[in-house]
Amino acid sequence: MIIIGERINSSRKQIYEAMRSRNAELLQKEALIQYEAGANYIDCNAAALGVDEEPQVLSWAVSVIQDVVEVPICIDSPNPEAVANALKVHRGRALINSITAETSKMQKLISLALEWKARVVALCMDDNGIPKGVEERLCIAERLVEALTTAGVSEDDIFIDPLVLPIGVDNQAGLMVLESIAQLRKRFKGVHILIGLTNISHGMPQRRWLNRSFLVMAMAHGLDSVICDPTDKALMALMIASETLLGLDEFCMRYINAARKGILEL
């Protein structure tokens, strides 16, 4: 599994205040605990600061995070100007989160991905907004993959996100995403499939139980990357165990090593 740590998001009050006051220490602390917990990317979102401030704040945040961790950043913004600013200071190959099929932004973001050799999250959404069902998601995914590969982005650099909606709003939302993941895996062998895990539990009590259960189900349907909180030890233990049971852990060595290191102890 490719793990993207979600905790540096300006929708969180503490992160918003840290970004507004340029509190580098707090962002670096959040980055470090996620890196040490196993994150392969650190997501960084500054959208709540507003359109005018976001470009400057996002590039500052990316820079200070990479001062303390050696993993790349998932640059989380739909704003091409903010993404461009962040890419200029990023060290290594970033992940742009996200490109959609919205005509006003898609080509600008694809151009940035090519210019900076960035990987991209392709979110199943277009000018009509959030798709209602599985087939609509698949159609949008096909358009996005075609546009990206035609432009020169390799399939291994594409992360398709079928768009998770809260189970508290629609009790069929989980099933719809699971079916979307299964169908995407059948149609697109070379791309990654990604979800923002905690969207499923938004507004619900005791959210971690839903997050943990949904991750295992999604992995069984073909998920291979996730935006999540890697500091949830039970979640990470279930991820390791699920990879082993799905035949993705040769000789069960990752599971055995995790057990030896105490990672599976809660």
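Structure: see above.
The structure displayed is predicted, hence computed values, not measured ones.

Moving on, we get to the nonpolar core. Counting residues in hydrophobic clusters, the biggest one holds 73 residues, and the most contacted among them are Met-19, Leu-27 and Ile-195. Top element by residues in this core is helix α3 (residues 54-66). It accounts for 7 residues. Sequence-distant contacts of Met-19, that is, excluding residues within four places in its chain, are made with Ile-8, Ser-10, Leu-27, Cys-44, Asn-45, Ala-46, Leu-49, Val-57, Trp-60 and Ala-61. Tyr-41, Leu-95, Val-121 and Leu-194 belong to the second-largest nonpolar core, a separate cluster that totals 9 residues.

Turning next to the packing of helix α6 (residues 134-151) against helix α7 (residues 173-187). Angle between the axes and distance between the axes are the two parameters that describe a pair of packed helices. Running from N to C, α6 and α7 point in directions that differ by 40°, and their axes come no closer than 9 Å. By the criterion of interaxial angle, the relationship of α6 to α7 is oblique. Pair α6 / α7 crosses with right-handed handedness. Between α6 and α7, the residues in contact are Val-134, Glu-135, Arg-137, Leu-138, Ala-141 and Glu-142 and Met-176, Glu-179, Ser-180, Gln-183, Leu-184 and Arg-187, respectively.

A separate point is the sheet that holds strand β5 (residues 119-123). Taken together, 8 strands build a closed barrel; the order of strands is β1-β2-β3-β4-β5-β6-β7-β8 and the barrel is parallel. Here the average twist between neighbouring strands, direction ignored, is 25°. Relative to strand β6 (residues 158-161), β5 runs parallel, the two being bridged by 4 bridges. In the sheet register, Leu-123 faces β6, and the bridge partner there is Asp-161. Strand contacts of α6: β4 (95-99), β5 and β6, with the helix running at about 155° to β5, the strand carrying the most contacts.

What counts and what doesn't
- Residues numbered from 1 in each chain as written.
- Predicted model: local features only at pLDDT ≥ 70, side-chain atom pairs only at ≥ 80, totals over all residues.
- Heavy atoms only, no water.
- Core = buried A, V, L, I, M, F, W, Y, C linked by side-chain atoms within 4.5 Å.
- Buried < 20%, exposed > 50% of the residue type's maximum accessible area, 1.4 Å probe, protein only.
- Helix = DSSP H or I, 4+ residues; strand = E, 2+ residues; numbered from the N terminus.
- Contact = heavy atoms within 4.5 Å.
- Axes fitted to C-alpha atoms, helices over the stretch in contact; angles between N-to-C directions.
- Parallel < 35°, antiparallel > 145°, perpendicular 65-115°, else oblique.
- Left-handed = near helix turned anticlockwise from the far one by under 90°.
- Pairing = 2+ DSSP bridges.

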